[in-house]
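Structure at a glance
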Amino acid sequence: MPLSISNSNARIPDAPWGKLWLLTISIVVGLLAGWEGFWRLRGFVPSLNDDAQLWAFTRKQVEREGKDAVVLLGTSRMQLGLNVAVFTQTTGIRPVQLAMNAEVPIVPLRHLANDPSFCGTIICEMAEDWMFPETIGGKAAEWIRVYEQQTWSASVEQWLESLSQSTLVFRLPSLAPSQVWNSLLTGTGPVLSYITMLPNRSMLADYTKLDIGEHRRRREEMARESYARWPPWPPAEFRARARQLDALIAPLYARGGLVIFVRFPTSGAIWEMENQRYPRAQYWDVLVAETRATTIHFKDYPALAHFECPDGSHLDYRDALPFTRALADLVIDLLRKHAAQAGR
């Protein structure tokens, strides 16, 4: 064998490589477009995955909105009940949605109250059960740590991730090939979700996609089991914790900020259990008296009180639109009064 180095280009067969690459790309794009269209025709729509990175990316918006930022805190009732786009159209203010599904908002409320760079308004969903959980860990603390450690490159990556998830149906976790295959093996197939997560972290719930009677029955049963395990706060303990809550938000007020606690609508058996568990005179009215926060209880305003929750606890997206407009009208009046008192 000759020891000389041969010309490697002579070994590459002569072929129309540009056309082959174009054909390959066209096939891949066609397959993806077909997969996308197949699921869209079956009712699937794009939806974001709500996780620590998305929350941290959204939390960065508070910095960009400046000193007059409006932040939304709460649970799934806030995410489903307040439509960010409608609130923005009604008030001219774009709020930052930082609510966390299944997570009491006390920890993020403390986080913002202690942030010296924030002196805006917090609209915080509040319920009588939420007075200072005994542990300060959990999801909220972890998501805040992710925000505090998030790098510039991680923010760009999350922006690209959100863009693709909000555009492409096949990015849904349930439509990943492995998940589709597993669901087909079990004879079920991918199931339409009744909840859609938007890029602004609001959620839309379409309860017509559910057997609402069975869904409501399960939620009521879960509430009964939860209440059986966790007795209500004694009135004296509740009053003491309301005072602690006032101390928690005091630093924000010292910087000229505002907190608005909102009791979101519940209905049917859920409202009856909540009202029996926490009579208003002994609990909500005490919260009003013991904190400097402004409060809005849905039962006090006809424009908020007439909504029925399909599952007893959350608003359907159709009702969330007029509910948001009504709540936004109340909030904008409160902001004007606060600005006048502050001499702004």
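Residues numbered from 1 in each chain as written. Predicted model: local features only at pLDDT ≥ 70, side-chain atom pairs only at ≥ 80, totals over all residues. Heavy atoms only, no water.

It is worth spelling out the overall build of the protein chain at this point. The secondary structure content of the protein chain amounts to 14 helices and seven strands. The principal-axis extent of the C-alpha atoms belonging to the protein chain is close to 95 × 50 × 40 Å. Taking all 344 residues of the protein chain together, the buried fraction comes to 45%. When contacts within the protein chain are restricted to residue pairs at least 6 apart in sequence, those whose partners lie at least 24 apart make up 81%. Element-wise, carbon and sulfur atoms account for 59% of the exposed surface of the protein chain, whose accessible area totals about 18000 Å². Here the protein chain holds 36 positive side-chain charges and 36 negative ones, and the gap between their average locations is 3 Å. (Helix = DSSP H or I, 4+ residues; strand = E, 2+ residues; numbered from the N terminus. Buried < 20%, exposed > 50% of the residue type's maximum accessible area, 1.4 Å probe, protein only. Contact = heavy atoms within 4.5 Å. Areas by Shrake-Rupley, 256 points an atom, 1.4 Å probe, with all protein chains shown as cover. Lys, Arg positive; Asp, Glu negative; His and termini not counted. Charge placed at Lys NZ, Arg CZ, Asp CG, Glu CD.)

Tracing the sequence through the fold places Arg 77 in helix α3 (residues 76-81). As a C-alpha pair, Arg 77 and Leu 315 span 238 residues in sequence and 7.4 Å in three-dimensional space. Setting aside chain neighbours within four positions, we find Arg 77 in contact with Leu 82, Glu 125, Arg 263, Phe 264, Thr 266, Ile 270, Glu 274, Ser 313 and His 314.

The subject of this paragraph is the sheet that holds strand β6 (residues 258-263). Taking strand neighbours across the sheet as the criterion, the five strands line up as β2-β1-β3-β6-β7 in an open arrangement whose pairing is parallel. The sheet is open, and its two borders are formed by β2 (96-97) and β7 (294-297), each paired with just one other strand. Taken together, the five bridges between strand β3 (residues 121-125) and β6 define a ladder with parallel strand orientation. Pairing of Cys 124 across the sheet is with Phe 261, part of β6. Each of β3, β6 and β7 is contacted by helix α14 (residues 317-341), which is oriented at about 155 degrees to β6, the strand it contacts most. (Pairing = 2+ DSSP bridges. Axes fitted to C-alpha atoms, helices over the stretch in contact; angles between N-to-C directions.)

This model, assessed by the stated rule, comprises six aromatic pairs. Between Tyr 194 and Tyr 207, the aromatic rings sit 5.3 Å apart at their centres with planes inclined by 45 degrees, giving tilted as the arrangement. Separated by 13 residues along the polypeptide, Tyr 194 in the loop between α8 (177-185) and β4 (195-197) and Tyr 207 in the loop between β5 (203-205) and α9 (212-229) bring together distant segments of the chain. Each member of the pair, Tyr 194 as well as Tyr 207, is classed as buried. By way of ring pairs, the aromatic residues Phe 238, Tyr 278 and Tyr 283 are connected into one cluster. Its end group placed over the ring of Trp 143, Lys 139 keeps NZ or CZ at 4.9 Å from the ring centre. (Phe/Tyr/Trp six-rings, centres within 6.5 Å; stacked < 30°, edge-to-face > 60°. Lys NZ or Arg CZ within 6 Å of the ring centre and 35° of its normal.)

Backbone geometry follows two general trends: most residues other than glycine have a negative phi, and most peptide bonds adopt the trans configuration. Backbone geometry at Ala 102 places phi at a positive 60 degrees, although glycine is not the residue there. What makes Ala 102 exposed here is its relative accessible area of 67%. For Arg 201, which is not a glycine, the phi torsion comes out positive at approximately 75 degrees. Along the chain, Arg 201 falls in the loop between β4 and β5. The class for Arg 201 is buried, based on a relative accessible area of 0%.

In a pair of packed helices, the angle between the axes and the distance between the axes together describe the arrangement. Viewed as axis vectors pointing N to C, helix α5 (residues 106-113) and helix α10 (residues 235-254) meet at an angle of 35 degrees, and their least axial separation amounts to 7 Å. Of α10, the residues touching α5 (which contributes Ile 106, Leu 109, Arg 110 and Ala 113) are Leu 245, Leu 248, Ile 249, Pro 251 and Leu 252.

To continue, consider the pairing of β3. Here β3 lies mainly inside the structure; five of its five residues are buried. Because side chains alternate across β3, one face comprises the buried residues Thr 121, Ile 123 and Glu 125, and the other comprises Ile 122 and Cys 124, equally buried. Relative to β3, strand β1 (residues 70-73) runs parallel, the two sharing four bridges. Counterpart to Val 70 in the pairing with β3 is Thr 121.

Residues Trp 152, Val 156, Trp 159, Leu 160 and Leu 163 make up a contiguous nonpolar surface patch of about 570 Å² in total accessible area. Mapped onto the fold, Leu 163 is located in helix α7 (residues 152-167). Taking the relative accessible area as the measure of exposure, Leu 163 reaches 44% and is therefore partly exposed. (Patch = residues over 30% accessible without salt bridge, like charges linked within 9 Å, V, L, I, M, F, W, Y side chains within 5 Å. Salt bridge = Lys/Arg side-chain N within 4 Å of Asp/Glu carboxyl O.)

Following the criterion strictly, the structure yields 22 salt bridges and no others. In this structure, the salt-bridge partner of Asp 129 is Arg 277, at a minimum N-O distance of 3.3 Å. Within this pair, whereas Asp 129 is found in the loop between β3 and α6 (138-149), its partner Arg 277 is found in helix α11 (residues 268-277), the two being separated by 148 residues in sequence. Judged by relative accessible area, Asp 129 falls into the partly exposed class, the value being 30%. Given a relative accessible area of 12%, Arg 277 falls into the buried group.

Each full turn of the α-helix corresponds to 3.6 residues, which orients residues three or four apart in the same direction. Between its first and last C-alpha, α6 extends 17 Å over 12 residues, near the 16 Å set by a 1.5 Å rise per residue. Buried residues in α6 make contact with α2 (52-65) and α5. (Expected span 1.5 Å × (residues − 1).)

Below, the discussion takes up the packing of α2 against α6. Axis separation between α2 and α6 bottoms out at 8 Å; the angle between their running directions is 60 degrees. In terms of their interaxial angle, α2 and α6 are classed as oblique. As α2 runs across α6, the sense of the crossing is right-handed. Side by side, α2 and α6 meet where Ala 52, Gln 53, Trp 55, Ala 56, Arg 59, Lys 60 and Glu 63 of the first sit next to Trp 143, Ile 144, Val 146 and Tyr 147 of the second. (Parallel < 35°, antiparallel > 145°, perpendicular 65-115°, else oblique. Left-handed = near helix turned anticlockwise from the far one by under 90°.)

The values are spatial; any link to function lies outside them.
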